[in-house]
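Understanding the architecture of this molecule
Okay, here's what each chain looks like letter by letter:
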Amino acid sequence: MPARLRPNLDFMPSPVPDRPGLVIRDPFHYSDATLIIPPALVPSLEFFDGERRETDLRACLVQITGDLDVSGLMQHLEETLSTAGFLEDGNYARLRETAEKSFADAPLREPAHAGSGYPNETAELTETFAGYLNGATKGDGRRALAIAAPHVSPFGGVESYRAAYASLFRQAFGERIFEDPPRAFAAAMSALQAFQQEPAEFFPYSSRYDAFLKGDIELTDQEERGVAIFKDPAKGGCAGCHVLKESVRDPVASMFTDYGYEAVAIPRNDRAPRPRKPDLGLCERTDSVTPSDDAASCLYFRTPSLRNVALRRSYMHNGAFRSLREVVAFYATRASDPKRWYKSGVPFDSVPARYRARVNVTSPPYDRKVGDPPALDDREIDAVVAFLGTLTDARYRAAP
Ligand code: HEC
């Protein structure tokens, strides 16, 4: 059996015009390798799922190459993936162990942002920090409960973040905390430590589905039907991107994302305040680390995890859908009833015509023709929605 491809890799279309294919990288940097898998070989990656056998991979390669002798190619493919540290095998285990050990043993850990994103001298940093929070208005006296956007830029939306953080700080450390900058700085460090030391808060894995994985509870009949449809490659096909692994009791194997990017062509959000140009996804990155305006990656959006998905008020990157049922109905009928989603009657009218060919129309649930019965009927949609409801962590289920 070929070893499984690691589920925690980055996959994206190659931005290099003369080397098309699928780029694979390790966002965790256990490995520094970058591979570009040529388009023809991409389908064979599916066979590195830890379940299918060598003979299945061989058959796939024979089909791709039209050559009966694929032993050399197969060996090359396995070796390349393994050497890169992309398979769940001994080589990856070694790379990971070495990286983790050297991190744990290091007398001094290299800073990731200190010295670039912000100063790395305590005195200077204390001053910067005080500057962020100085002058925060007192607010209207109501208790702040949480801050919606944790990734705060000191330049954008700074007034509202300042007010919100200052209010949380005063609640936690006392009204006068900002009168003493070194103490305020120490308080910020201890808040950060508390956050990082709390895996039970951070990733509790306490959903009913996790309990089911561990063998502690059973799902209802409807939820069982839902997960079966979700997994069935000929039916919902959802697990192809939103990965789960029921044979593994450890919930970490079921993150409900493959961390990859897909072109789904979500309809326009009619409730958005003003008409705007279409969202192009990966080719509109303006961050400083990996900015991109490369047309080859347009239309691709990251497959989100579906853990706690039932709690959302709106769905998809643009909030086009308002309920889980609407999302699943979209998947079920995008191909058979495109008018329902693309009001002009032209499928994928929400994205520029030149990119429409990128949208996946071949694999279930998208492989229908207009007028065909939907990929999932109403009962099946309800079952999938019920199953998605099992992914809600306990602390949110208890909430009113
Ligand atoms: C080919 C990959 C792929 C398949 C198959 C797929 N999804 Fe998705 N899913 C995505 C991507 C990509 C997004 C985000 C799209 C966007 O925002 O533009 C998404 C978004 C979602 C969301 C919204 C999550 C949020 O937080 O807004 C839900 C719910 C969802 N998918 C459920 C499903 C279900 C149920 C199925 C099977 C019927 C399915 N998906 C099949 C890739 C996929």
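Because the structure is predicted, anything quoted here is derived from the model rather than measured.

This brings us to the overall build of the protein chain. What the protein chain contains, in helices and strands, is 12 helices and 5 strands. With the C-alpha coordinates of the protein chain rotated into their principal frame, the extents come out at 75 × 50 × 50 Å. Buried positions account for 22% of the 400 residues belonging to the protein chain. The contacts in the protein chain between residues at least 6 apart in sequence include a share of 62% that link residues at least 24 apart.

With respect to spatial proximity, 25 residues lie near the ligand, and among them Cys 238, Cys 241, Glu 262, Phe 301 and His 317 are the closest. When residues in the shell around the ligand are grouped by element, the largest group, 4 residues, is from helix 10 (residues 324-333). Split into classes, the residues belonging to the shell around the ligand amount to 16 nonpolar, 7 polar and 2 charged.

A word on the nonpolar core. Grouped together as the largest cluster of nonpolar side chains are 39 residues, with contacts concentrated most on Val 328, Ala 332, Ile 381, Val 384 and Phe 387. Contributions of two or more residues to this core are made by helix 8 (208-213), helix 9 (221-231), helix 10 and helix 11 (378-388). Among the elements that line this core, the one with the most residues is helix 11, at 7 residues. For Ile 381, the residues in contact, after removing those within four places along its chain, are Arg 325, Val 328, Ala 329, Ala 332 and Leu 376. Formed by 14 residues, the second largest nonpolar core is a distinct cluster that contains Leu 9, Phe 11, Phe 47 and Phe 86.

Here the focus is helix 4 (residues 122-133). In this model, helix 4 (12 residues) spans 17 Å end to end at C-alpha, consistent with the 16 Å of a helix rising 1.5 Å per residue. Note on helix 4: the residue one or two positions beyond its end, Gly 135, has a positive phi of about 80°.

Moving on, we come to the sheet that holds strand 2 (residues 22-25). The 3 strands lie next to each other as 1-2-3, forming an open sheet whose pairing is antiparallel. Two strands bound the open sheet, and with one partner strand each, they are strand 1 (10-13) and strand 3 (34-37). Across the sheet, the axes of successive neighbouring strands diverge by a mean angle of 25°, strand direction being ignored. Pairing between strand 1 and strand 2: 4 bridges, direction antiparallel. Bridge pairing in strand 2 places Asp 10 opposite Arg 25.

Counting through the fold element by element, Asp 69 comes out in the loop between helix 1 (54-65) and helix 2 (71-83). Taking the number of C-beta atoms within 10 Å as the measure of exposure, Asp 69 has 10 and is therefore exposed. Separated by 302 residues in the primary sequence, Asp 69 and Gly 371 place their C-alpha atoms 43 Å from one another.

We now examine the domain arrangement of the protein chain. Each assigned domain of the protein chain is listed here: domain 1 (10-105), domain 2 (122-197) and domain 3 (208-260 + 303-398). Once you take the C-alpha centre of each, domain 1 and domain 2 turn out to be 44 Å apart.

Once that is clear, we can look at the environment of Ala 3. Considering the arrangement of structural elements, one finds Ala 3 in the segment before strand 1. For the pair formed by Ala 3 and Ser 344, sequence separation is 341 residues and the distance between their alpha carbons is 46 Å. Non-local contacts of Ala 3, meaning those with residues more than four positions away in its chain, are made with Phe 48, Gly 50, Leu 87, Glu 88 and Asp 89.

Residues Pro 364 and Pro 365 are joined by a peptide bond in cis, for which omega reads 5°. In this structure, Pro 365 sits in the loop between helix 10 and helix 11. Despite not being glycine, Leu 299 shows a phi value in the positive range, around 85°. Mapped onto the fold, Leu 299 is located in the loop between strand 4 (261-262) and strand 5 (301-302). One non-glycine residue, Asn 308, lies in positive phi territory at about 60°.

Here the focus is the confidence of the model for the protein chain. Taken residue by residue, the protein chain gives an average pLDDT of 89. The fraction at 70 or more is 95%. Across the protein chain, the secondary-structure element scoring lowest on mean pLDDT is helix 7 (residues 199-202), at 71, and the one scoring highest is helix 11, at 98.

Another aspect to go through is the packing of helix 4 against helix 6 (residues 181-196). A pair of packed helices is captured by two measures, namely the crossing angle of their axes and the spacing between those axes. Relative to each other, helix 4 and helix 6 sit at 90°, their axes nearing to 9 Å. What the angle tells us is that helix 4 and helix 6 run roughly perpendicular. Residues Thr 126, Phe 129 and Ala 130 of helix 4 touch helix 6, and the partners they reach there are Pro 181, Pro 182, Ala 184, Phe 185 and Ala 188. Classifying every residue of the contact of helix 4 with helix 6 by side-chain character gives 7 nonpolar, 1 polar and no charged.

This part covers the environment of Arg 143. Relative to the elements of secondary structure, Arg 143 occurs in the loop between helix 4 and helix 5 (158-173). Arg 143 gets classed as exposed once you count the C-beta atoms within 10 Å, which come to 8. In the structure, Arg 143 is positioned 28 residues away from Gln 171 in sequence and 8.0 Å away in space, judged by C-alpha atoms.

So, how was this worked out
- Residues numbered from 1 in each chain as written.
- Predicted model: local features only at pLDDT ≥ 70, side-chain atom pairs only at ≥ 80, totals over all residues.
- Helix = DSSP H or I, 4+ residues; strand = E, 2+ residues; numbered from the N terminus.
- Buried ≥ 20, exposed ≤ 12 C-beta atoms within 10 Å, placed from the backbone.
- Contact = placed C-beta atoms within 7 Å.
- Near = placed C-beta within 6 Å.
- Nonpolar A, V, L, I, M, F, W, Y, C, P; charged D, E, K, R; others polar.
- Core = buried A, V, L, I, M, F, W, Y, C linked by C-beta atoms within 7 Å.
- Expected span 1.5 Å × (residues − 1).
- Pairing = 2+ DSSP bridges.
- Axes fitted to C-alpha atoms, helices over the stretch in contact; angles between N-to-C directions.
- Domains from an automatic or database assignment.
- pLDDT = per-residue confidence, 0-100.
- Parallel < 35°, antiparallel > 145°, perpendicular 65-115°, else oblique.

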